[in-house]
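As a plain string of letters, each chain reads:
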Amino acid sequence: EEEIFSGKPLPKLIEQKDIKGDLHVYSTFSDGRHTIAEMAEAARAQGYQYAAVSDHSPRLRVAGGVSVEDLKKKKKEIDRLNRRLKDFRILFGTEVEIDTEGRLDYNEAVLSRFDFVIAAIHSGFEQTRLKLTSRLVKACQNKYVNAIAHPTGRHIGKRDPYDLDLKELCQAAVDTNTFLEINAFPIRLDLDSADIYFARGLGVKFTVNSDSHATHHLPVMRFGVGIARRGWLAAKDVLNTLPLRELEKAIDQ
């Protein structure tokens, strides 16, 4: 840490080179444009050690969510590729829908099979602040959920953030060891830097992800890192700055 003119230490802020992997990318198993193998190769070319292929769950029909039956095929494909890959690991992930009551789209038996589970809201944005917050808190309380994706639901140019008690969500995230995502995709940039700074003050830990639906989306990670810096984050605040072995320990359920 460096001293600045106020006499207070300035944290060494996170940098792009600190990122060791991307925990939110898609494949052709849902609405991604490239295969798991292609996404893995592109992630490896970014210098990463791992990528979680977190395809949508079935409830998000517009995104061709993955049925329980197809999950078996996806897992088989990942295992086959991992046997061949050196110095890189594909994590079996999902972005699971949080329904309007806060229930998750896969049952616990299915969720327990994933390496990395991101929970997300894509519907019911018009609900009350109390209801939306309780949905996210309930998702945090599921022992298989590792992270909450794009926590405020904003879609730049299309939709404002939904009404949310961010303090309550942060408290739930800290209590349950759930990471809040900084979604680097340019139409999201969610959490924003003010929310990150606020959440950091409450002890929240984060993950910075690209939400890539194609190989050429992966470099948008830099926008997420930029917002994380504006939110005053250091590498230690972000899950995917960990090398693979340490990451696996950190997300072991």
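Residues numbered from 1 in each chain as written. Predicted model: local features only at pLDDT ≥ 70, side-chain atom pairs only at ≥ 80, totals over all residues. Heavy atoms only, no water.

J.: How should I be thinking about the sheet that holds strand β8 (residues 179-183) in this particular structure?
T.: Overall, parallel pairing links the 7 strands, which are arranged β3-β4-β5-β6-β7-β8-β9 in an open sheet. Two strands close off the open sheet at either side, each with one partner strand: β3 (21-25) and β9 (206-209). Bridge analysis of β3 against strand β4 (residues 50-56) gives 3 bridges, and the strand direction is parallel. Along β4, the bridge assignment pairs valine 25 with valine 53. Most of the contacts of helix α7 (residues 221-230) go to β9, to which it runs at about 145 degrees, and overall it touches β3, β8 and β9. (Pairing = 2+ DSSP bridges. Helix = DSSP H or I, 4+ residues; strand = E, 2+ residues; numbered from the N terminus. Contact = heavy atoms within 4.5 Å. Axes fitted to C-alpha atoms, helices over the stretch in contact; angles between N-to-C directions.)

J.: In this structure, what is going on with the pattern of salt bridges? I would like to understand it.
T.: For side chains of opposite charge, pairing can occur when their charged atoms come near one another. Under the counting rule described, the total for this entry stands at 16 salt bridges. The partner of glutamate 77 in a salt bridge is arginine 80, with the nearest N and O atoms 3.1 Å apart. Placement of the pair is glutamate 77 and arginine 80 together in helix α2 (residues 68-84), with a separation of 3 residues, close to one helical turn. Across the salt bridge formed by arginine 103 and aspartate 99, the nearest N and O atoms sit 2.9 Å from each other. (Salt bridge = Lys/Arg side-chain N within 4 Å of Asp/Glu carboxyl O.)

J.: What should I look at first to understand unusual backbone geometry in this one?
T.: The bulk of non-glycine residues show a negative phi, and the bulk of peptide bonds are trans. Leucine 191 follows aspartate 190 through a cis peptide bond whose omega is 10 degrees. Within the element layout of this structure, leucine 191 appears in the loop between β8 and α6 (193-201). Here aspartate 87, not a glycine, exhibits a phi torsion of approximately 60 degrees, which is positive. Relative to the helices and strands, aspartate 87 resides in the loop between α2 and β5 (89-97). Phi at histidine 150 takes a positive value of approximately 20 degrees, unusual for a residue other than glycine. Judged by its relative accessible area of 1%, histidine 150 falls in the buried class. (Buried < 20%, exposed > 50% of the residue type's maximum accessible area, 1.4 Å probe, protein only.)

J.: What am I meant to see in the packing of helix α4 (residues 129-140) against helix α5 (residues 166-176) here?
T.: Between two packed helices, what matters for the description is the angle formed by their axes and the separation of those axes. The geometry of α4 relative to α5 is characterised by a closest axis approach of 9 Å and an angle of 5 degrees between their N-to-C directions. When the interaxial angle is binned, α4 and α5 end up roughly parallel. Packed against α4, whose contacting residues are Thr133, Leu136, Val137 and Cys140, the element α5 presents Glu168, Leu169, Ala172, Ala173 and Thr176 at the interface. (Parallel < 35°, antiparallel > 145°, perpendicular 65-115°, else oblique.)

J.: Which parts of the structure should I look at to understand α4?
T.: The periodicity of an α-helix, 3.6 residues per turn, causes residues three or four places apart in sequence to face the same way. Between the first and last C-alpha of α4 there are 17 Å, a value that for 12 residues agrees with the 16 Å anticipated at 1.5 Å per step. If you check which residues of α4 are buried, you get Leu132, Thr133, Arg135, Leu136, Val137, Ala139 and Cys140. Its buried side turned inward, α4 meets β6 (116-120), β7 (147-148) and α5. (Expected span 1.5 Å × (residues − 1).)

J.: What is the right way to read the pairing of β8 from this model?
T.: Residues in a regular strand project their side chains so that they alternate between the two faces of the sheet. Across the 5 residues of β8, 5 count as buried, placing the element largely inside the fold. Alternating positions in β8 separate into two faces, Phe179, Glu181 and Asn183 on one and Leu180 and Ile182 on the other, with burial throughout. Note that β7 and β8 share 2 bridges and pair parallel. Counted as the bridge partner of alanine 147 is phenylalanine 179 from β8. Chirality of the crossover, the property in question, places the unit of β7, α5 and β8 among those that are right-handed. By the bridge criterion, 4 bridges tie β8 to β9 in an arrangement that is parallel. Following the sheet pairing, asparagine 183 is matched in β9 by asparagine 209. (Right-handed = clockwise from strand over helix to strand, strands pointing away.)

J.: Could you clarify how one ought to interpret the environment of proline 161 in this entry?
T.: Its location among the elements puts proline 161 in the loop between β7 and α5. Residues proline 161 and phenylalanine 125, 36 residues apart in the sequence, show an inter-C-alpha distance of 8.7 Å. With near-sequence residues (within four places) excluded, proline 161 lies in contact with Thr152 and Arg154.

J.: It is not clear to me how the state of the cysteines should be interpreted in this structure. Could you clarify?
T.: By definition, a disulfide links the sulfur atoms of two cysteines through a covalent bond. Applying the stated criterion to the full structure yields 0 disulfides. For cysteine 140, which is in no disulfide, the shortest distance to another cysteine sulfur is to cysteine 170 and amounts to 9.3 Å. (Disulfide = S-S within 2.5 Å.)

J.: Even after reading the chapter, I still don't get α2, so can you show me in this structure?
T.: Helix length check: α2, at 17 residues, gives a terminal C-alpha distance of 25 Å against a target of 24 Å (1.5 Å per residue), a fit within 8%. Regarding α2, the residues found buried are Leu71, Lys74, Ile78, Leu81 and Asn82. Seen from one end, α2 has its buried residues packed into an arc of 100 degrees, which puts them on one side. For α2, exposure combined with an orientation more than 90 degrees from the buried face picks out Glu69, Lys73, Lys76, Arg83 and Arg84. In this structure, the buried side of α2 is in contact with α1 (36-45), β4, β5 and α3 (108-111). (Arc of directions from axis to C-beta.)

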